[in-house]
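# A structural walkthrough
As a plain string of letters, each chain reads:
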Amino acid sequence: MQQRWNRRAFMAAAGAAALAGGAQAQGAKAPARMPGAGSITDVTGLRVGHYTDTRRPTGCTVIIAEAGATGGVDVRGAAPGTRETDLLNPVNMVEKVHAIVLSGGSAFGLDAASGVMRYLEEKKIGFDVGVAHVPIVPSAILFDLGVGDASIRPDAAAGYQACKSASTDAPEEGNVGAGAGATVGKLYGPKRAMKGGLGSASLTVAGVTVGAIVAVNAVGDVLDPATGRILAGARTADGKQLLDTRAAILAGDLPRSMRPGTATTIGLVATDAALTKAQAQKIAGMAHDGLARSINPIHTMLDGDTIFALGTGASGKPGNVMLLGVMAAEAMAIAVQRAILSARAVEGFPAAVDFIA
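Presented here is an overview of the structure given in this document. (Residues numbered from 1 in each chain as written. Predicted model: local features only at pLDDT ≥ 70, side-chain atom pairs only at ≥ 80, totals over all residues. Heavy atoms only, no water.)

This next bit is on a nonpolar patch on the surface. Residues M93, F127, V129, V131 and V134 make up a contiguous nonpolar surface patch of about 490 Å² in total accessible area. Relative to the helices and strands, M93 is located in the loop between β3 (82-83) and β4 (96-103). (Patch = residues over 30% accessible without salt bridge, like charges linked within 9 Å, V, L, I, M, F, W, Y side chains within 5 Å. Areas by Shrake-Rupley, 256 points an atom, 1.4 Å probe, with all protein chains shown as cover. Salt bridge = Lys/Arg side-chain N within 4 Å of Asp/Glu carboxyl O. Helix = DSSP H or I, 4+ residues; strand = E, 2+ residues; numbered from the N terminus.)

Structure (structure tokens):
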């Protein structure tokens, strides 16, 4: 669906989302207090930066581990778009990664990782091959080409700019970075969908911290797992109420056919505990439970849902996979909710704050 965008209106929406990272979402109909607290940057050794395009809602987000971090990944959606994920397999050689990129722009957005590699190479960060340092930068993309001009998508320059903005401060949430063009509730068509976004959270237990960051662009609805209440998703035909996609499907109201790969939720969990690659992979898999609690349906043929995991080892504590996996799923579920409650409407896509009091 092509749409025209007013630059001033979009920047106002993005700015409002940036300010929404506090304790309570702001808006005409602000919902209850934001769930959770903290952010991915509470994990020592990580910096986060966004690039948000001003021409249409799209962008990319980079998570940088300059000293290197043990990495893992788990892909559950049936239509993923990824780069450098095979090397994260525990049987393969490279042990450390130096950044993770989350991007809009569908497969075109994978180019953002090239800009991140250039930035890191300039700082001589990467896998030492004797004649050069090669940064290891796995990445994943989501489909946001239906929001505005599809010819505008994150590229290498966008990835480079995201690196330049990276810091240890809590990252902005909502209509920023990889979440700028995210939408949710798309099984009944884009005219009944709502705005998604980017969110982050962290937990600390027994002296170790786990953080999560996620760009929520799901086919399904987003809900509060504690209450089952739908926060955002497919709307009724008149657009005035939330439909409840799961209940509608089970009642026989089958959605229209959609093209595969037109959605996807992508994210990262990280810990300051020391991990092996096998442990990182397992924790990434357990973090998907957080998506399953907060998005329904999830891991569909239309999604490319992908979660990375990083272990910086900065705490000096060994990884307890049971503890870290439970924390990762919980932090991810909180981050999903924060993404939706921080999001603000853009043309054609209302936000959760427009529907819930």
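Next up on the list: the pairing of strand β1 (residues 47-52). Pairing geometry for β1 and strand β2 (residues 59-75), over six bridges, is antiparallel. Note on β2: the bridge partner recorded for R47 is I64. Where β1 folds back on β2, the antiparallel hairpin that results is connected by six residues. (Pairing = 2+ DSSP bridges.)

Moving on: the packing of aromatic side chains. According to the stated counting rule, one finds one aromatic pair in the structure shown. The interplanar angle of 75° and the centroid separation of 5.7 Å between the aromatic rings of Y119 and Y160 together place this pair among those described as edge-to-face. Taken together, the residues Y119 in helix α2 (residues 112-122) and Y160 in helix α3 (residues 156-164) connect sequence positions 41 residues apart. Across the pair, exposure class does not vary: Y119 and Y160 are buried alike. Taking the ring centre of Y160 as reference, the NZ or CZ of R118 above it sits at 4.0 Å. R153 extends its terminal NZ or CZ atom over the ring of F108, reaching a point 3.6 Å from the ring centre. (Phe/Tyr/Trp six-rings, centres within 6.5 Å; stacked < 30°, edge-to-face > 60°. Buried < 20%, exposed > 50% of the residue type's maximum accessible area, 1.4 Å probe, protein only. Lys NZ or Arg CZ within 6 Å of the ring centre and 35° of its normal.)

Let's shift gears to the packing of α2 against α3. Taken N-terminus to C-terminus, the directions of α2 and α3 make an angle of 50°; their axes are 6 Å apart at the nearest point. By the criterion of interaxial angle, the relationship of α2 to α3 is oblique. Seen from above, α2 lies across α3 with right-handed handedness. On α3, the residues that touch A112, S114, G115, V116, R118, Y119 and E122 of α2 are A156, G159, Y160, C163 and K164. Broken down by class, the residue content of the contact of α2 with α3 amounts to six nonpolar, three polar and three charged. (Axes fitted to C-alpha atoms, helices over the stretch in contact; angles between N-to-C directions. Parallel < 35°, antiparallel > 145°, perpendicular 65-115°, else oblique. Left-handed = near helix turned anticlockwise from the far one by under 90°. Contact = heavy atoms within 4.5 Å. Nonpolar A, V, L, I, M, F, W, Y, C, P; charged D, E, K, R; others polar.)

Moving on: the side chain of T70. Assignment of secondary structure puts T70 in strand β2. Residue T70 is classed as buried on the basis of its relative accessible area, which comes to 5%. A polar side-chain atom of T70 sits 3.3 Å from a polar atom in the side chain of K96. Of the polar contacts made by the side chain of T70, one reaches the backbone oxygen of L275; its length is 3.3 Å. Apart from residues no more than four positions distant in its own chain, T70 is found in contact with E95, K96, L275, T276, K277, A280, A309, L310 and G311. (Polar contact = N/O pair within 3.5 Å; in protein donor to acceptor, adjacent residues only side chain to side chain.)

Within a sheet, neighbouring strands are paired by backbone hydrogen bonds and run either parallel or antiparallel to one another. As summarised here, the arrangement of the three strands in space is β13-β12-β15, forming an open sheet in which the pairing is antiparallel. Each edge of the open sheet carries a strand with a single partner, namely β13 (230-232) and β15 (295-296). Both strand β12 (residues 221-223) and β13 contribute to a ladder of two bridges, which runs antiparallel. Along β13, the bridge assignment pairs V222 with A232. Helix α6 (residues 321-342) contacts β12, β13 and β15 of the sheet and is inclined by roughly 55° relative to β13.

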